2 protein chains.
Amino acid sequence: MTYCVGMLLDEGMVFLSDSRTNAGVDQINTFRKMYLFERPGERALALMTSGNLAITQSLVSILNEDIEAGDDRPSLMNATNMFEAARAVGNAIRSVHMRDAEALKAFGIDFTAALILGGQIGSEKPRLFSIYAAGNFIEATPETPYFQIGESKYGKPIIDRVIKPSTPLAQAAKCALISMDSTIRSNLSVAPPLDLVIIRRDELRVGSQQILDAENPYLRMVHQRWGEALREAFGDLPDPQV
Amino acid sequence: MTYCVGMLLDEGMVFLSDSRTNAGVDQINTFRKMYLFERPGERALALMTSGNLAITQSLVSILNEDIEAGDDRPSLMNATNMFEAARAVGNAIRSVHMRDAEALKAFGIDFTAALILGGQIGSEKPRLFSIYAAGNFIEATPETPYFQIGESKYGKPIIDRVIKPSTPLAQAAKCALISMDSTIRSNLSVAPPLDLVIIRRDELRVGSQQILDAENPYLRMVHQRWGEALREAFGDLPDPQV
């Protein structure tokens, strides 16, 4: 499993991904699920992946080949806007599907992949997309300024209660980390190290990129104090008549 | 969908169920999912159901027929302990399976059902079971003193953080209601009215039974104040460096 969340805010974007992959409970590995594409001053994009690892790694290989081919092929580095970039990712997942889906089906394996792509290119505003295995996609709006992929349910209530477009970036990153902490606590197949990436509006570069392992002091503080805060808030609420 | 939670505590048991059923988003109905079996002074049992409504209603009809047949047949009203009662429910779900599963399969419909059965019979201690569609079951222990069925993920983190066997009944009911509120907020297919039932240890009767509709003042207070409390706790936590 996987948990990734991307948020589109007035000040910019927050991306957070875990790094656990598993094939059954006895085959657990660490693979990064965050990929950055940057030409400072021109564009900064982040892609997060979930689903079948062979599929998502193939996808990223194709995206990189397209970039290496230069301007002969549409790619994340020559797309003139984020919609084009999302279409490039959609096309890449479709070419993986064309190559592999039949063979996987013969082994009873579904073609599963879900992606979050966000970033800013040139003078266009920052945009955030959720891209499906079929290569189609939807875009975040002020009403729904975030997307989750993977194990999304445990960590959704806190995001729904806190995140608005006007939420400052540092608070949004805190919310993403609390959401991740709740997910890690409830699902063994989601785990650190975490990749936390910030792209500030109009900077056209990756603003900050951190890898938080299980010993990271901020992550440990969130883990401990959020639990305490929840128990305190719980204690303050009046009991029902039973 | 459905959300039900049952908790086994030192002081007794808490049962909470929603009442929304849906076949697609355009066919939404209200059906109670809480069934009580009581002979005061001798036994008090609560059964909560999720899954295919035709299956779970058949199951309850069979359980009631068995009771009406008196001592000729094993039933929830003549079982001498909770393990026997859980087996009676398991047998009933198996007989629904035997009758209906093939016909459902022909229409591509899975045989889905999940049940929570709890209660106390005679001098035995209160016991809580999670019963599967196959008629097999597991029992709650001090390490895992609760079971959820249906849409369980949104409301799990608060239960994991709060509920211990020593939690008082009123606090456990509050926790169940907060857990339900988070679920209702995130999943349209879970909704009031809610059935809240308390069975106190060694009382051998249903201690309290309440139906909470959407206008219930306590439920509205939980909905509003829990959201505020979460946002306050969120605000108190230091922001990360980004």
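Every chain's residues receive numbers from 1 upward, in the order its sequence appears when written. Written order decides the labels, with chains lettered from A and ligands numbered from 1. Only residues with pLDDT of at least 70 get local features here, since the model is predicted, and only at 80 or more are side-chain atom pairs given and counted; chain-wide, interface and lining totals rely on the full set of residues. Heavy atoms from the whole structure form the basis of all side-chain values; hydrogens and water molecules are not counted.

**Structural notes on the interface of chain B and chain A**
When the parts come together, some accessible area is lost, and that loss is often what is quoted as the size of the interface.
Line of reasoning, step 1. Note on definitions: a residue-residue contact is assigned when non-hydrogen atoms from the two residues lie within 4.5 Å. Listed per partner, the contact involves 43 residues of chain B and 43 residues of chain A.
Line of reasoning, step 2. By buried area we mean the combined loss of accessible area, with a 1.4 Å probe, across both parts when two parts are placed together. Across the interface of chain B and chain A, roughly 4,200 Å² is buried in total on both sides, 65% from carbon and sulfur atoms.
Line of reasoning, step 3. When the buried area of chain B at its contact with chain A is split by residue, R161(B), F234(B) and V242(B) rank highest and sum to 22% of it.
Line of reasoning, step 4. When a carboxyl oxygen of Asp or Glu lies within 4 Å of a side-chain nitrogen of Lys or Arg, that pair is called a salt bridge. Between the two partners, chain B and chain A, sit six salt bridges.
Line of reasoning, step 5. Between D239(B) and K174(A) there is a salt bridge, with its nearest N and O atoms 3.1 Å apart.
Line of reasoning, step 6. Polar contacts here mean pairs of N or O atoms no more than 3.5 Å apart (in protein, one a potential hydrogen donor and the other a potential acceptor; neighbouring residues in sequence count only if both atoms are side-chain atoms). Taken together, the connections running from chain B to chain A amount to 18 residue pairs in polar contact (both at pLDDT 80 or more).
Line of reasoning, step 7. Of all the elements in the fold, those that place two or more residues in the side of chain B that touches chain A are α3 (156-162), α4 (169-186), β11 (194-200), β12 (208-212) and α5 (217-236) of chain B. Every helix listed is a DSSP run of H or I at least four residues long, and every strand listed is a run of E at least two residues long, numbered separately from the N terminus.

**Regarding the confidence of the model for chain A**
The predicted structure's coordinates, where accompanied by low pLDDT, should not be read in detail.
Line of reasoning, step 1. When pLDDT is averaged across chain A, the result is 95; 100% of the residues are at 70 or more.
Line of reasoning, step 2. On the interface metric, ipTM, the complex scores 0.88, and its pTM is 0.91. Confidence scores labelled pLDDT are given residue by residue by the predictor and lie between 0 and 100.

**Some details on the nonpolar core**
Line of reasoning, step 1. Residues belong to a common nonpolar core when they are buried Ala, Val, Leu, Ile, Met, Phe, Trp, Tyr or Cys residues joined through side-chain atoms within 4.5 Å. Under the scheme applied here, a residue whose accessible area is under 20% of the maximum for its type counts as buried, over 50% as exposed, and between as partly exposed, the area being computed with a 1.4 Å probe on protein chains only. Counting residues in hydrophobic clusters, the biggest one holds 68 residues, and the most contacted among them are M7(A), V14(A), M7(B) and V14(B).
Line of reasoning, step 2. With residues up to four places along the chain from it excluded, the contact list for V14(A) reads V5(A), G6(A), M7(A), L9(A), L169(A), A172(A), A173(A), A176(A), L196(A), V197(A) and I198(A).

**Describing the relation of the copies chain B and chain A**
In this arrangement, two copies of a chain are superimposed by a rotation about an axis accompanied by a shift along the axis.
Line of reasoning, step 1. What sets the superposition is a least-squares fit of C-alpha atoms, and only residues with pLDDT of at least 70 in both copies go into it. Under the fitted operation, chain B is carried onto chain A by 0.0 Å of movement along the axis and a turn of 180°, and the coordinates agree to an RMSD of 0.0 Å. The operation mapping one copy onto its partner corresponds to a two-fold rotation axis. For chain B, the residue whose C-alpha comes nearest the rotation axis is Y154(B), separated from it by 2.5 Å.
Line of reasoning, step 2. When the interface residues of chain B are mapped onto chain A, 100% of them again lie at the interface, so the same face is used by both copies.

**A word on the side chain of T56(B)**
Line of reasoning, step 1. Inspection of the secondary structure puts T56(B) in helix α1 (residues 53-68).
Line of reasoning, step 2. Those residues in contact with T56(B) that sit more than four places away from it in its chain are T49(B), S50(B) and A113(B).

**Overview of the packing of helix α4 (residues 169-186) of chain A against helix α5 (residues 217-236) of chain A**
All names here are of chain A.
Line of reasoning, step 1. At their nearest, the axes of α4 and α5 sit 10 Å apart, and the two run at 70° to each other. On the basis of their axis angle, the class for α4 and α5 is roughly perpendicular. For the pair α4 and α5, the crossing hand works out as right-handed. Facing α4, whose interface residues are K174, L177, I178, D181 and S182, α5 presents Y218, L219, V222, H223 and W226.
Line of reasoning, step 2. Residues are grouped as follows: nonpolar covers Ala, Val, Leu, Ile, Met, Phe, Trp, Tyr, Cys and Pro; charged covers Asp, Glu, Lys and Arg; every other residue, Gly included, is treated as polar. The residue makeup of the contact of α4 with α5, split by class, is six nonpolar, two polar and two charged. All axes are obtained by fitting lines to C-alpha atoms, using only the stretch in contact for helices, and the reported angles, taken between N-to-C directions, cover 0 to 180 degrees. Geometric relationships in this document are graded by angle, where less than 35 degrees denotes roughly parallel, more than 145 denotes roughly antiparallel, 65 to 115 denotes roughly perpendicular, and other angles denote oblique. Less than a right angle of anticlockwise turn of the near helix away from the far helix marks a crossing as left-handed, whereas a clockwise turn marks it as right-handed.

**A closer look at empty space enclosed by the protein**
Gaps between atoms show up when a probe of the same size as a water molecule is rolled over them.
Line of reasoning, step 1. Whether a set of points on the 1 Å grid over the protein atoms alone is a cavity depends on a 1.4 Å probe fitting there but being unable to get out, while an open set qualifies as a pocket with protein on both sides within 12 Å along at least five of seven lines; lining residues are those with an atom within 4 Å of a point. Grid points are joined across faces, edges and corners, and a volume is the space filled by probe spheres set on the points. With the rule as written, the count across this model stands at one cavity of 30 Å³ or more.
Line of reasoning, step 2. In this structure, the largest cavity occupies an estimated 190 Å³ of space.
Line of reasoning, step 3. Looking at the lining of the largest cavity, the elements with two or more residues in it are α3 (156-162), α4 and α5 of chain A together with α3 and α5 of chain B.
Line of reasoning, step 4. When its residues are assigned to classes, the lining of the largest cavity shows 11 nonpolar, four polar and two charged.

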